[in-house]
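The chain contents come next:
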Amino acid sequence: MGSRNPFARIMKTLEKTGGGEFGKYYSLPSLNDTRIDRLPFSIRILLESALRNCDEFQVTTKDVENILDWQNTSPRKVEIPFKPARVLLQDFTGVPTIVDLAGMRNAMDKLGGDPSKINPLVPVDLVIDHSVQVDVYKSENALQANMELELERNKERYSFLKWGANAFDNMLVVPPGAGIVHQVNLEYLARVVFNTNGILYPDTVFGTDSHTTMIDGLGVAGWGVGGIEAEAAMLGQAMSMVLPGVVGFELSGGLKDGVTATDLVLTVAKMLRQHGVVGNFVEFHGEGMSEIALPDRATIANMSPEYGATMGFFPVDHVTLQYLKLTGRSDEMISMIESYLRANKLFMDYSQPEREMVFSSHLKLDLQDVKPCVSGPKRPHDQVLLNEMKADWHACLDNKVGFKGYAIPKEDQSKIVKFQFGEIPAQLRHGDIVIAAITSCTNTSNPTVMLQAGLLAKKACDLGVEVKPWIKTSLGPGSKVVTKYLEKSGLLRYLKQLCFHIVGYGCTTCIGNSGDLDESVASAITENDIVAAAVLSGNRNFEGRIHPLTRANYLASPPLVVAYALAGTVDIDFETEPIALSRDGMEIFLRDIWPSSEEVADIVQSNVLPDMFKSVYETITEGQPTWNNLHVPSSRLYKWDARSTYIHEPPNLKDISMSPPGPCKVQDAYCLLTLGDSITTDHISPGGSIHKDSPAAKYLMELGVDKRDFNSYGSRRGNDEVMVRGTFANIRLVNKLLEGEVGPKTIHIPSGEKLSVFDAAMRYKGEGQDTIVLAGAEYGTGSARDWAAKGPKLMGVKAVIAKSFERIHRSNLAGMGIIPLCFSPGEDAETLELTGRERYTIDLPKDINKITPGQEIIVKTDNRKSFKCTLRFDTEVELAYFDHGDILQYVIRSFIGSKTGERACKSN
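Residues numbered from 1 in each chain as written. Predicted model: local features only at pLDDT ≥ 70, side-chain atom pairs only at ≥ 80, totals over all residues. Heavy atoms only, no water.

Moving on, we get to the overall build of the chain. When helices and strands are counted, the chain shows 33 helices and 34 strands. For the chain, the spread of C-alpha atoms along the three principal axes comes to 80 × 80 × 55 Å. The buried share among the 908 residues of the chain stands at 65%. Here the analysis covers contacts within the chain between residues at least 6 apart in sequence; of these, 75% occur between residues at least 24 apart. Counting every atom, the chain has about 31900 Å² of accessible surface; 48% of that belongs to carbon and sulfur. One finds the centroid of the 96 positive side-chain charges in the chain at a distance of 4 Å from the centroid of its 113 negative side-chain charges. (Helix = DSSP H or I, 4+ residues; strand = E, 2+ residues; numbered from the N terminus. Buried < 20%, exposed > 50% of the residue type's maximum accessible area, 1.4 Å probe, protein only. Contact = heavy atoms within 4.5 Å. Areas by Shrake-Rupley, 256 points an atom, 1.4 Å probe, with all protein chains shown as cover. Lys, Arg positive; Asp, Glu negative; His and termini not counted. Charge placed at Lys NZ, Arg CZ, Asp CG, Glu CD.)

Now for the environment of valine 282. Here valine 282 is to be found in strand β13 (residues 281-285). For the pair valine 282 and serine 42, spaced 240 residues apart in sequence, the C-alpha separation works out to 8.8 Å. Those residues in contact with valine 282, other than ones at most four positions away along the chain, are Val247, Phe249, Leu272, Val277, Tyr307, Ala309, Met311, Gly312 and Phe313.

Residues of the chain with pLDDT of at least 70 account for 98%, and the chain-wide mean is 92. Residue range residues 899-908 is modelled with pLDDT below 50. Its contacts to residues more than four positions away, or to other chains, number 25 contacts. (pLDDT = per-residue confidence, 0-100.)

Take asparagine 344: it is sitting in the loop between α13 (331-343) and β15 (361-366). Among the residues examined, asparagine 344 registers a relative accessible area of 0% and is labelled buried. Once residues within four sequence positions are removed from consideration, asparagine 344 is found in contact with Tyr25, Tyr26, Ser27, Leu28, Pro29 and Glu48.

The next thing to look at is the sheet that holds strand β31 (residues 819-823). Strand order in the closed barrel made by the 7 strands is β26-β29-β30-β31-β34-β33-β32, with mixed pairing throughout. If you compare each strand with its neighbour and ignore which way they point, the axes differ by 40° on average. Inspection of the sheet shows strand β32 (residues 839-843) paired to strand β33 (residues 856-861) by 4 bridges, in the antiparallel sense. For aspartate 843, the partnering residue across the bridge sits in β33 and is isoleucine 858. (Pairing = 2+ DSSP bridges. Axes fitted to C-alpha atoms, helices over the stretch in contact; angles between N-to-C directions.)

Bringing unusual backbone geometry into the picture now. Phi is mostly negative for residues that are not glycine, and the peptide bonds are mostly trans. The peptide bond linking glycine 376 to proline 377 adopts the cis configuration, its omega dihedral lying at 10°. Positionally, proline 377 belongs in the loop between β16 (373-375) and β17 (383-385). Phi angles above zero are rare outside glycine, and asparagine 711 is one such case at about 65°. Here asparagine 711 is to be found in the loop between α26 (695-702) and α27 (720-725).

Enumeration over the complete set of coordinates arrives at 8 cavities of 30 Å³ or more. In this structure, the second largest cavity spans a volume of roughly 140 Å³. Lining the second largest cavity we find 16 residues, and of these Asp100, Pro651, Asn652, Trp787 and Lys790 sit closest to its centre. Broken down by secondary-structure element, the contributors of at least two residues to the lining of the second largest cavity are α4 (91-110), α24 (651-654) and α29 (787-795). The leading source of residues in the lining of the second largest cavity is α29, at 4 residues. The residue inventory of the lining of the second largest cavity, partitioned by class, reads 8 nonpolar, 3 polar and 5 charged. (1 Å grid on protein atoms, 1.4 Å probe; cavity = no way out; pocket = protein on both sides within 12 Å on 5 of 7 lines; lining within 4 Å. Points joined across faces, edges and corners; volume = space filled by probe spheres on them. Nonpolar A, V, L, I, M, F, W, Y, C, P; charged D, E, K, R; others polar.)

What follows covers the packing of aromatic side chains. One pass over the structure, following the stated rule, counts 24 aromatic pairs. Both rings, one in phenylalanine 82 and one in tryptophan 223, keep their centres 5.5 Å apart while their planes meet at 25°; by these two values the pair is stacked. On the criterion of sequence distance, the pair formed by phenylalanine 82 in strand β3 (residues 79-82) and tryptophan 223 in strand β10 (residues 221-224) is long-range, its members being 141 residues apart. The same class applies to phenylalanine 82 as to tryptophan 223, namely buried. Taken together, the aromatic side chains of Phe160, Trp163, Phe168, Tyr638 and Trp640 make up a single cluster linked through ring pairs. The lysine or arginine in question, lysine 378, covers the ring of tyrosine 406, its NZ or CZ lying 4.5 Å from the ring centre. Above the face of the phenylalanine 589 ring, arginine 591 is positioned so that its terminal group lies 4.4 Å from the ring centre. (Phe/Tyr/Trp six-rings, centres within 6.5 Å; stacked < 30°, edge-to-face > 60°. Lys NZ or Arg CZ within 6 Å of the ring centre and 35° of its normal.)

Another aspect to go through is the sheet that holds strand β12 (residues 246-252). Across the sheet, 4 strands lie side by side as β14-β13-β12-β15; this open sheet has parallel pairing. The sheet terminates laterally at β14 (311-313) and β15, the two strands that pair on one side only. Averaged over neighbouring strand pairs, the angle between their axes works out to 20° when direction is ignored. Inspection of the sheet shows β12 paired to β15 by 6 bridges, in the parallel sense. What sits directly across from glycine 248, in β15, is histidine 362. Seen against the sheet, helix α9 (residues 261-275) touches β12, β13 and β15 and runs at an angle of roughly 150° to β15.

As a further point, take helix α19 (residues 558-567). What sets the pattern is the α-helix's 3.6 residues per turn: residues three or four places apart point alike. Counted residue by residue, α19 has 10 buried out of 10 residues, so it is predominantly covered. Among all positions in α19, only Pro558, Pro559, Leu560, Val561, Val562, Ala563, Tyr564, Ala565, Leu566 and Ala567 are buried. One or two positions beyond α19, positive phi appears at glycine 568, with a value near 80°.

A word on helix α2 (residues 61-68). All of the buried residues along α2 are Asp63, Val64, Asn66, Ile67 and Leu68. Check the buried side of α2 and you find it contacts α1 (41-53), α3 (70-73) and β3.

What follows is about the pairing of strand β4 (residues 86-90). Among the 5 residues in β4, 5 count as buried, and that is most of the element. The side-chain alternation of β4 yields two buried faces, one formed by Arg86, Leu88 and Gln90 and the other by Val87 and Leu89. Where β4 meets strand β5 (residues 124-127), 4 bridges bridge the pair, whose relative direction is parallel. When the sheet's bridge partners are listed, leucine 88 is paired in β5 with aspartate 125. Handedness of the β4-α4-β5 crossover: right-handed. (Right-handed = clockwise from strand over helix to strand, strands pointing away.)

This next bit is on the nonpolar core. Core analysis: the largest hydrophobic core is formed by 286 residues, its most contacted members being Tyr307 and Tyr779. Every residue in contact with tyrosine 779, bar those within four places of it in the chain, is listed here: Leu675, Ile679, Ile684, Phe728, Val773, Val800, Ala802, Ser804, Phe805, Glu806 and His809. Counting 27 residues, the second largest nonpolar core, distinct from the first, contains Ala799, Leu821, Leu832 and Ile848. (Core = buried A, V, L, I, M, F, W, Y, C linked by side-chain atoms within 4.5 Å.)

On to the pairing of strand β30 (residues 797-802). For β30, the tally of buried residues reaches 5 of 6 residues, placing the bulk of the element in the interior. Relative to β30, strand β29 (residues 771-774) runs parallel, the two being bridged by 4 bridges. Bridge pairing in β30 links valine 773 to valine 800. One ladder, built from 4 bridges, connects β30 with β31; its direction is parallel. Residue pairing across strands places alanine 799 opposite isoleucine 819, the latter belonging to β31.

This paragraph deals with the environment of isoleucine 292. As for its position among the elements, isoleucine 292 is in the loop between β13 and α10 (294-302). Judged by its relative accessible area of 1%, isoleucine 292 falls in the buried class. The spacing of isoleucine 292 and serine 615 is 323 residues in sequence and 27 Å in space, taken between C-alpha atoms. Filtering out sequence-adjacent residues up to four positions away, isoleucine 292 remains in contact with Leu251, Leu264, Arg297, Val319 and Leu367.

Laid out in structure tokens, this is it:
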């Protein structure tokens, strides 16, 4: 906050009511600018950050003016810098981030720079959220058994993380077994307002998981970024972003009895996807806000990536303060938060008339109109009303293969496959459920739906209803607090009775860590081409993500997960068909066991208590004995082990030179893949199990790794050799070059051979041939997975030409120096009659200073076609990354102080 800040004049002191002061702050009211009152709260937070960080170097007075004038500058896509207050890492993304930081230190050392400069300059919270492979499930000791397996399986990875915690300053580490990163963030890590050296400012966060947005429900502005962007933020770089539009979302009324927060978020997700909010903020307001409890807000905010927004923001109000008190934050802290936010026009007071704010566009939802629903079978925004589920399922069986279709012939739709499950006769039909999981950060932070699931389980158990034994059931609480209130309420025993045992505290089924199905179940599915189903309370259900053998995957509230598990199929109309028979042969319908809103409210009120949060988080940094006993080296530079299958030195930093390489040309490139719409980061870089026939599996086996020790792609994100082989390795990938065949293969154009995508890429690379990827709309939806950009870069992909990009993935491509291009409006590969067998030349100037963000680029093919594209380097800083090869090389050269050219100096 040095003396160079031209806005030091607006610094004010925040007094305490009883005397003394909380600290000083940059006062928005002291600007005396009437435009502030009309700014959305989310934009005011960007404004405060610009004021506080203004040094006329990384952040300028002009940037402040651009934010103040948001109503006029936002439609023009003006670029602004932003510095978050902190960075949030989880273990899957934390490993590659610390690998990169360690690689940067070594690179600095080789170039004669000071390695100690590579150190977080903002607070970093690293939550090792124990992403649990559900190996052991229907057992009382599932939690302990899975924990021991995970710690043993991931010992090297955890040792590396522990080394990073010791080697780098300003880093708080939460050891394995504490909970899901986003719930720990919500319940404990979030400051809401920082007080650093007597300066008060809003808590804002960049997280390396796309669902970092969950914290927006608490009024903390945060969103997901790639690990490479997080690293730059940690190192003090102002992140360049386009000043976003803000979609106002007005809520009114209240939810009807029996409607859950999950029903609400799936409704919101559908509305916002249809409206189109990619790259925008969504800000919720209206008189209905008082009816939305904070965990419900967090559920809606969590799914921002699913509806495409940068964040879904809920300004701090009295509901936020109540939640802070419930979760054990001190009265002093809450008083400071409220006083600061009120003084700085950042507090929403619904007891006062709501001021008219300006939004880029506006939506309204009467909460009375929300109906029970699920979402699927392949995308989170494909909402299905519960009373239409049976008809929708049969339509999916009939429809051609696509997001809502399987093209099952009529004569095969009712077939029954009989098999033996141990000693028990069993059978499967299309739509039968084989996985039912209460999992993921989306809902397990929400006491209402978790206790509602427990009440439903109790009512079912009281009637003698059971879950079929071949259905893989599991419960993955977001934190240990969930276990405490489930135990106190007496409802955990009923969830266990239905075999929803606690399997671990962390990401499970939703990330693809569902574990193996019983061999008899797997065989029945594969040998008879059964479209088996999974139902989960997560946020992602893309093809191939949940489990390779569940082709239909539905998102549902925790109580509906239990209900569907009891029914055993998604092919059911809960209104007219019974779930099961009671022990005395009576038909049991969903309405017979569905808890009322009043029942749920009463049990939440009496069982979710502040002392639970306090007792859990008092010891949050104390790890398990296995973690505490891990031996790690004390050196500040990491010694790479070439034999490691988990941790590798980043290849892009091994041979770095002082001079940036400049813009890469793309000449006569072959098309590695031709893809359709809604290609997810799961398709590009899978996060789940490593398929036994994949290039990654072959690599591991050649190094002597047994199949049972393959672990997951997520756990091996610190090893580029595994991850590049896992790029485009999703078994559900549809590559148009294969003309209808599904799977992770492509055609090597010169030879006509069908190869794995990795083998084809390596052959092109070995022959010195550039490659590109052609794609449709919404390329890169899903997780903030930086390996979805790193993998293609290592494969030699120079550019991606798509109809449109998801925000985070486009940014990651730019950060890795891959050229993102968009077809002109109304055009795509089909309208241009591109087969993918052409060779492509991208006409970019050789001089970086002659390239501008968003400029028009000409792409030519070897068969004399020519078409225009928009260059989706959106900011000057992204062009600087492109000039340097990638963002990490840019930061290293900036620290060393090399002359990096006019463009880099301008943006640095």
